Amino acid sequence: MTSAEFVRMEVTDHIATVTIDRPPVNAMNRQLYREIADAFRSFEDNRDVHVAILASASERAFLAGADLRERFEGATREVVLDAGKAARDCFWAIYDCAVPVIAAVNGPALGAGLAVVACCDVIIASERAVFGLPEITVGLLGGGSHLLRMVGPYRMRQAFYTGERMPAEELYRLGAVAKVVPHEALLDEARALAAEIAAKSPIAVRLAKEALNRVEHLPLKEAYRTEQDYTARLRTFEDSAEAARAFLEKRPPRFQWR
């Protein structure tokens, strides 16, 4: 990853923590979109990373959505043929990341910020977190398809048309948020889950992420056949046999990435 201004990354115990820090509220501009995308793409060839956490350095917001000043004031200074490309590249870099991504949502995740969260694999939220798509209130659209991944179509449409903010507890009840925790415990909870994932075979986890992305929108029969194919691929690796041996011998596995 090249030097970044708004994104910090550290790797400890095979867990990469990607922290967004664009004061005051992590408003999303093209540079931030690119830096986030670069961070998550960098894990493709980094075997030391088994799982990632997406966090925010801001106490005011997780990600506050599009930077409206850049959108309108910057439009006269730079010609952009596809204004949405940077956002899409960011979203798909997270969705297609080689390893699972845990969102540690510490505050409002709005607009593009909600879309970023929806592209993650697991969401853990602070009790202060809220989610919403305020686009219609500021003359924009977008994000409904992301919110649809998190809630049903009727709840999504209500939230989209009104721009309301939904508390973390509601998304927990609807199954989108895995856990709502005290604010000060958020990162510890995210790291505990990340450590549990990082202890699995890194090959199995990466193949699982790829397989789940491929089957998400397939019919049941095609989806399960695809998963069987991935199981067959996994069984060609020594780490697969080691996982079975360790289970039968009641000992921790010793994975070697082969």
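A short tour of the structure in this document, coming up. (Residues numbered from 1 in each chain as written. Predicted model: local features only at pLDDT ≥ 70, side-chain atom pairs only at ≥ 80, totals over all residues. Heavy atoms only, no water.)

1. Topic: the sheet that holds strand S5 (residues 109–110)
Each strand in a sheet pairs with another by means of backbone hydrogen bonds, the pair being arranged parallel or else antiparallel.
Okay, so step 1: Ordered by their spatial adjacency, 3 strands build an open sheet running S5-S7-S8, and the pairing between neighbours is mixed. The open sheet terminates on both sides in strands that have one partner only, identified here as S5 and strand S8 (165–167).
Okay, so step 2: Inspection of the sheet shows S5 paired to strand S7 (residues 130–132) by 2 bridges, in the parallel sense. Across the sheet, residue Leu110 finds its bridge partner in S7, namely Gly132. (Pairing = 2+ DSSP bridges. Helix = DSSP H or I, 4+ residues; strand = E, 2+ residues; numbered from the N terminus.)

2. Observations concerning helix H11 (residues 238–248)
Okay, so step 1: Buried residues of H11: Asp239, Glu242 and Ala246, and no others. For H11, the angular spread of buried residues about the axis comes to 50 degrees, placing them on one side. Looking at H11, the residues exposed on the side facing more than 90 degrees away from the buried face are Phe247 and Leu248.
Okay, so step 2: Buried-residue contacts for H11 involve helix H9 (202–215).
Okay, so step 3: Positive phi appears at Lys250, one or two residues downstream of H11, with a value of about 55 degrees. (Buried < 20%, exposed > 50% of the residue type's maximum accessible area, 1.4 Å probe, protein only. Arc of directions from axis to C-beta. Contact = heavy atoms within 4.5 Å.)

3. Things to note about the packing of helix H1 (residues 30–41) against helix H3 (residues 85–95)
Okay, so step 1: The interhelical angle for the contact between H1 and H3, taken along N-to-C directions, is 25 degrees, at an axis separation of 8 Å. The pairing of H1 with H3 is recorded here as roughly parallel in orientation. Of the two elements, H1 crosses H3, and the hand of that crossing is left-handed. Side by side, H1 and H3 meet where Arg30, Tyr33, Ile36, Ala37, Phe40 and Arg41 of the first sit next to Ala86, Ala87, Asp89, Cys90, Phe91, Ala93 and Ile94 of the second.
Okay, so step 2: Within the contact of H1 with H3, the residues separate by chemical class into 10 nonpolar, no polar and 3 charged. (Axes fitted to C-alpha atoms, helices over the stretch in contact; angles between N-to-C directions. Parallel < 35°, antiparallel > 145°, perpendicular 65-115°, else oblique. Left-handed = near helix turned anticlockwise from the far one by under 90°. Nonpolar A, V, L, I, M, F, W, Y, C, P; charged D, E, K, R; others polar.)

4. A closer look at the packing of H9 against helix H10 (residues 220–234)
Okay, so step 1: H10 packs onto H9 with a crossing angle of 160 degrees between their chain directions and a minimal axis gap of 10 Å. As the angle between them shows, H9 and H10 are arranged roughly antiparallel. Our pair here, H9 against H10, has a crossing hand that is right-handed. Between H9 and H10, the residues in contact are Ile203, Ala204, Leu207, Glu210, Ala211, Leu212, Arg214 and Val215 and Ala223, Thr226, Glu227, Tyr230, Arg233 and Leu234, respectively.
Okay, so step 2: For the contact of H9 with H10, the per-class residue count stands at 9 nonpolar, 1 polar and 4 charged.

5. Focus: the environment of Met150
Okay, so step 1: Mapped onto the secondary structure, Met150 falls in helix H5 (residues 144–150).
Okay, so step 2: Its relative accessible area of 6% is what places Met150 among the buried residues.
Okay, so step 3: Considered as a pair, Met150 and Leu193 are 43 residues apart in the sequence and their alpha carbons are 20 Å apart.
Okay, so step 4: Dropping the residues within four chain positions of it, Met150 is found in contact with Leu114, Val117, Ala118, Ile123, Phe131, Leu171, Leu174 and Ala176.

It is worth stressing that arrangement in space is one thing and function is another; only the former is reported here.
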